[in-house]
Amino acid sequence: MKPSEFNNYTNIRDKKSLLKLNDIGLPTKQTEAFRHFNITKLLSKEYSLDFKSNFCPYEKDDGFYTIIINNGIIDTINSDLPDGISFETTNKKEVDTLDSLYYLGEIFLEKQQKIIVKKELDKPLKIVNLFVGEDLFLPTHLTILAEKGVHVEILEVFDDSALKNSLIKINRVLNTHKYAQLNYTKLQGIKQDNNMIVNYIPKLKEGSTCRASSVDLGAGTSLNMFDLILNHKNSIFSFDGIIKITDRQKAGNISSMLHAEGETQSSFICKHILDVEASALFEVQSTVNQEAKFSKTFQNSQTILLDDGPKINAIPQLVLHTDELEAAHGATSGSLDEEALYYLMSRGIEEKMASKILIKAIELQVIDTIENTQIREFALDFLQR
Amino acid sequence: MGEKMLKIKNLHVSIKDKEILKGLDLDIKPGEVHALMGTNGAGKSTLVKTLSDHFDCEVTKGTMEYKGKNLLDLDASQRANEGIFMSFQNPTEIPGVNNMYFLKTALNAKKAYLGEEEMNGAEFLKLVRKKTKEFGIDPAMLKRNVNEGFSGGEKKKSELLQMVVLEPDLILLDEIDSGLDVDAIKTIAQGVNSLLDGKRSVLMITHYDRLLELIKPDFVHILKDGKIIESGDYSLALRIDEQGYEGLGIRHETK
């Protein structure tokens, strides 16, 4: 099957999503042209679908509770489900988004997989996605729900060592109930012959917080898409990301954040470190409605170009319908700070090492935003690998 | 090593296509302390930046030999590892780079360059503790990022710590006394003097006699319009202090 020809597929499992997908339509070469981030090639490639769970061995780390997902399906036998976490496979709840790629994943999935965190855990939760196969289209959905007042720390990682030439389509609904806090970190370092598109739908109730962090190093093409509506008072969403890519890799973040209720906060910050002929996209729009007074919204894209070949397309956008708010947006791009580079070299550190030190310093600014020590250390190790 | 540590001949240097140094000659022997004075814009900082391979400075003519090696063949890190240390007038802040990590990396880079055994964490910690105590430097500085949020005095003390840890052979001080109180200048001078063992040399830029009282120069040079126009001993600095440059017939540079 070709994802772009989804209407020809006979075994659609979610008809409602199909209707939505038909309404919105997939991105076309024309609509994507202004982004300089065309993904239509990825969607018009021939893939197979494989809904068999291919069990892979995975060595768990004692510092985490581990949830294992094999080719998109939760492995309940080998996953940790301690007191305080439950897992459900339920009928789908409708999700409203304008991101057609979300529905492209959903049409092939009949049920919804859901993890419910009912109380604070003594260790962070690690979601490990294992993939096996070749030329696969791999749709996967997981809703993570933090119940009222619960603080939960989640790390999501991917192992594609047994996967070739595939497109991983991930949907994550981050559901944060009243006064709960969900801290989510994604570390993506998959091989360049595989591609990944992730749709995030954060849902925040009154007084809740969702802090997302993301490190994207791998994949031929990787794209994170966020669709967020802040329609409950005192809800806070933040994203801190790093995209560090090289060769002809492409990676991007597209985010739509709507403030529909007062005293809500959003922040979307990404640092891009681009080498050789890599290209990145930062397309973030914050809309603050008239009734969303005293809200705060911030966006920032910082790009370091390590060569003459890489490209960044940064489009930070603010659409403000009230003037009683705090808002800022910005985008910078340039090479490594040459004064800093020179300072390190003037103390005997050779240029290559000095560059590495400065790049690491930029990465650290993002990693330092991860609250949980274990996840932060895991992320540091991940970046060093 | 030959008789001369540093030999500069007919040096012409441009910054952004504007010629700043216009045929400068200077020799420094091991163990000598030289002071470079002159009006603003004369080219003093350009000289030390050129010796340290600053990217702004383009050598268009002339030669610079250090320990018999052509400096133009060496980049900034190689010059540092050969023993040239420039203390910056305004050291760069580097957010996210820890001072302790930076200093250990720099010291081990020098050791690797010289073919010496690198220092492990414990040995390095012992060394910096000794140096911070000896020069009254707050060791908390090491836990902070390189120069980030440092006051003027803290920045200069951080430069001093780097200097005494790296133990260079040729110390270039670019107005290290600027913005410092008397006690801080004394600390810096104590650090520089502690390194002077008769083999190490100093080239310092200063506008004031105060630093020269504490680090006694063997030679004082006056730089004007990119050239050394007068050289003498410490008494020349005293004359400048008393009469000013205009009193000696040296007008301020016109831009």
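Residues numbered from 1 in each chain as written. Chains lettered and ligands numbered in written order. Predicted model: local features only at pLDDT ≥ 70, side-chain atom pairs only at ≥ 80, totals over all residues. Heavy atoms only, no water.

*Asks:* Would you take a moment to explain the layout of surface pockets for this structure?
*Replies:* All names here are of chain A. Size it by volume and the largest pocket reaches roughly 580 Å³. Every residue lining the largest pocket is counted, 26 residues in all, and those nearest its centre are Arg35, Leu98, Asp99, Ile254 and Ser256. Mapped onto the lining of the largest pocket, the elements with two or more residues apiece are α2 (29–32), α4 (100–106), β13 (221–230), β15 (250–259) and β17 (279–288). Here the element with the most residues in the lining of the largest pocket is β13; it accounts for 5 residues. Taken together, the residues that form the lining of the largest pocket break down as 12 nonpolar, 8 polar and 6 charged. By volume, the second largest pocket amounts to about 470 Å³. For the second largest pocket, the lining is made up of 19 residues, of which Lys244, Lys356, Ile359, Glu363 and Leu383 are closest to its centre. For the lining of the second largest pocket, the secondary structure elements donating two or more residues are β14 (236–245), α6 (351–367) and α7 (373–384). Considering each element in turn, the lining of the second largest pocket owes the most residues, 6 residues, to α6. Residues belonging to the lining of the second largest pocket are distributed by class as follows: 10 nonpolar, 3 polar and 6 charged. (1 Å grid on protein atoms, 1.4 Å probe; cavity = no way out; pocket = protein on both sides within 12 Å on 5 of 7 lines; lining within 4 Å. Points joined across faces, edges and corners; volume = space filled by probe spheres on them. Helix = DSSP H or I, 4+ residues; strand = E, 2+ residues; numbered from the N terminus. Nonpolar A, V, L, I, M, F, W, Y, C, P; charged D, E, K, R; others polar.)

*Asks:* What exactly am I supposed to notice about helix α5 (residues 338–345) of chain A here?
*Replies:* The periodicity of an α-helix, 3.6 residues per turn, causes residues three or four places apart in sequence to face the same way. Residues and elements named next belong to chain A. Burial runs high along α5: 6 of the 8 residues are buried. Inspection of α5 places Ala340, Leu341, Tyr342, Tyr343, Leu344 and Met345 among the buried residues, and these make up the whole buried set. Where α5 begins, the side chain of Asp337 points an oxygen toward the backbone nitrogen of Glu339, at a separation of 3.0 Å. (Buried < 20%, exposed > 50% of the residue type's maximum accessible area, 1.4 Å probe, protein only. Polar contact = N/O pair within 3.5 Å; in protein donor to acceptor, adjacent residues only side chain to side chain.)

*Asks:* When you look at the pattern of salt bridges in this model, what are you seeing that I'm missing?
*Replies:* When the charged atoms of two side chains lie near each other, side chains of opposite charge can form a pair. Residue and element names in this part refer to chain A. This model, assessed by the stated rule, comprises 25 salt bridges over all chains. In this structure, Arg211 engages Glu371 in a salt bridge whose closest nitrogen and oxygen atoms are separated by 3.6 Å. Placement of the pair is Arg211 in strand β12 (residues 209–216) and Glu371 in the loop between α6 and α7, with a sequence separation of 160 residues. Arg211 gets classed as partly exposed once you look at its relative accessible area, which sits at 31%. For Glu371, a relative accessible area of 41% corresponds to the partly exposed category. Salt-bridge contacts for Glu326 lead to Lys296; the nearest nitrogen and oxygen are separated by 4.0 Å. Of this pair, Glu326 sits in strand β20 (residues 325–334) while Lys296 is found in strand β18 (residues 295–305), placing the two residues 30 residues apart along the sequence. (Salt bridge = Lys/Arg side-chain N within 4 Å of Asp/Glu carboxyl O.)

*Asks:* So what exactly am I meant to see when it comes to the interface of chain A and chain B here?
*Replies:* When the parts of a complex come together, some accessible area is lost, and that lost area is often used as the size of the interface. Each partner contributes residues to the interface: chain A has 18 residues there, and chain B has 31 residues. Between the two partners, chain A and chain B, sit 1 salt bridge. Glu159(B) serves as the salt-bridge partner of Arg347(A), at 2.9 Å between the closest nitrogen and oxygen. On the surface where chain A and chain B come into contact, there are 9 residue pairs in polar contact (both at pLDDT 80 or more). Secondary-structure elements contributing two or more residues to the side of chain A that touches chain B are α5 and α6 of chain A. Residue contributions to the side of chain A that touches chain B peak at 7 residues, all from α5(A). In the side of chain A that touches chain B, the residues fall into 11 nonpolar, 3 polar and 4 charged. (Contact = heavy atoms within 4.5 Å.)

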